[in-house]
Amino acid sequence: FAKINIDLRDSKINPQNGFYLSQYLETGLEILKDSSTYTKAITEARVIQTLGDYTFVAKGKIGLIEEYENDLPESKLFYAGGAFSNRGYSYNSLGAFDAQCDNIGGKTFIDTTLEMSHPLYKKIDGALFFDSTLLSKQSHRFSIDFVHSIGAGLRYISPIGPVKLDMGMDIENKSQYAIHFQIGQSF
């Protein structure tokens, strides 16, 4: 595998402005007769902009897997959900939703986030967010619906980065929600 990062954020601990770009490429080669051969690519971009007391964040991540020979292990497929993904779901609980059964990993993946935060009191910020995810069990299939979640959170700005508490909920299925606790910046 190979990974390239371009990080032009003004801070690694609690950025207020800048952008981040990452490209990841992984391949599996046939070493043994039963080895999986595949290519996996992930591109991620983040933009952070503070205007007055408001900080706006946009994040987008796209991933594709091309499988050539033998079945790829589930651990190599894409899943979503969690503090760094669709916050209406728990960690990696969102599988490909065009599959016949739950928790099938995807080979096509798009994950986006829009977030706005604002100071509430001293070192505590409030945030509103919108997360959207597409997962398909087929490679290069973008014609299925996204799963959208909305939510709110609190951030305590500490010397080691924000301490976050978020609650997200699926827009179409209000009974689907998740609560996330995180230390550190996700943007």
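Residues numbered from 1 in each chain as written. Predicted model: local features only at pLDDT ≥ 70, side-chain atom pairs only at ≥ 80, totals over all residues. Heavy atoms only, no water.

Peer 1: Any chance you could explain the overall build of the protein here in plain terms?
Peer 2: For the protein, the helix and strand inventory stands at 0 helices and 9 strands. From first element to last, N terminus to C terminus, the protein shows the α and β order β-β-β-β-β-β-β-β-β. Relative to the globule expectation of 16 Å for 187 residues, the C-alpha radius of gyration of the protein, 18 Å, shows essentially globular dimensions. Taken over the C-alpha atoms alone, the protein extends approximately 60 × 40 × 25 Å along its principal axes. Partitioning the intrachain contacts of the protein with sequence separation of at least 6 by distance along the chain shows that 53% fall at a separation of at least 24. Of the roughly 10500 Å² of accessible surface on the protein, 60% is carried by carbon and sulfur atoms. (Helix = DSSP H or I, 4+ residues; strand = E, 2+ residues; numbered from the N terminus. Rg over C-alpha atoms; globule rule 2.2 N^0.38 Å. Contact = heavy atoms within 4.5 Å. Areas by Shrake-Rupley, 256 points an atom, 1.4 Å probe, with all protein chains shown as cover.)

Peer 1: Explanation requested: empty space enclosed by the protein in the structure shown.
Peer 2: Rolled over the atoms, a probe as big as a water molecule pinpoints where empty space is left. Going through the model one piece at a time under the given rule, you end up with 1 cavity of 30 Å³ or more. Approximately 30 Å³ is the volume found for the largest cavity. Together, K59, A83, F84, S85, R87, T113, S186 and F187 line the largest cavity. (1 Å grid on protein atoms, 1.4 Å probe; cavity = no way out; pocket = protein on both sides within 12 Å on 5 of 7 lines; lining within 4 Å. Points joined across faces, edges and corners; volume = space filled by probe spheres on them.)

Peer 1: What is the right way to read the side chain of D170 from this model?
Peer 2: Along the chain, D170 falls in strand β8 (residues 161-170). One buried charged residue, D170, remains without a salt bridge, the closest side chain of opposite sign being K174 at 7.0 Å. A distance of 2.8 Å separates the side chain of D170 from the backbone nitrogen of E172, its partner in a polar contact. There is a polar contact of 3.2 Å between the side chain of D170 and the backbone nitrogen of N173. Once you skip the residues sitting within four places of it in the chain, D170 turns out to touch G88, Y89, V147, H148, S149 and Q176. (Buried < 20%, exposed > 50% of the residue type's maximum accessible area, 1.4 Å probe, protein only. Lys, Arg positive; Asp, Glu negative; His and termini not counted. Salt bridge = Lys/Arg side-chain N within 4 Å of Asp/Glu carboxyl O. Polar contact = N/O pair within 3.5 Å; in protein donor to acceptor, adjacent residues only side chain to side chain.)

Peer 1: When you look at the pattern of salt bridges in this model, what are you seeing that I'm missing?
Peer 2: Pairs may arise between side chains of opposite charge once their charged atoms sit close together. This structure, assessed with the given rule, holds 10 salt bridges. When salt bridges with common partners are traced through the structure, they connect R87, E115, D131, R155 and D166 into a single cluster.

Peer 1: What is the right way to read the sheet that holds strand β5 (residues 108-121) from this model?
Peer 2: Taken in spatial order, the 9 strands line up as β1-β2-β3-β4-β5-β6-β7-β8-β9 in an open sheet, and their pairing is antiparallel. Because the sheet does not close on itself, it has two edges, and the strands there are β1 (2-7) and β9 (177-183). Averaged over all neighbouring strand pairs, the angle between strand axes comes to 15°, with direction disregarded. Here strand β4 (residues 54-69) pairs with β5 via 10 bridges, running antiparallel. Its bridge partner being in β5, L64 is matched across the sheet by T108. (Pairing = 2+ DSSP bridges. Axes fitted to C-alpha atoms, helices over the stretch in contact; angles between N-to-C directions.)

Peer 1: What should I look at first to understand the pairing of strand β3 (residues 37-51) in this one?
Peer 2: Each regular strand displays side chains that alternate between the two surfaces of the sheet. Here strand β2 (residues 18-28) pairs with β3 via 11 bridges, running antiparallel. In the strand pairing of β3, L21 is matched with A45. Connecting the antiparallel pair β3 and β4 is a turn made up of 2 residues, with G52 showing a positive phi of about 65°.

Peer 1: Would you explain the packing of aromatic side chains in this entry?
Peer 2: Each aromatic ring pair is summarised here by two numbers: the centre-to-centre distance and the angle between the ring planes. Throughout the structure, instances matching the rule amount to 3 aromatic pairs. Ring geometry for F78 and F109: centres 5.2 Å apart, planes at 15°, overall stacked. With F78 in the loop between β4 and β5 and F109 in strand β5, the pair connects residues that are 31 residues apart, well separated along the chain. Judged on exposure class, the residue F78 and its partner F109 are both buried. Above the face of the Y20 ring, R46 is positioned so that its terminal group lies 4.1 Å from the ring centre. (Phe/Tyr/Trp six-rings, centres within 6.5 Å; stacked < 30°, edge-to-face > 60°. Lys NZ or Arg CZ within 6 Å of the ring centre and 35° of its normal.)

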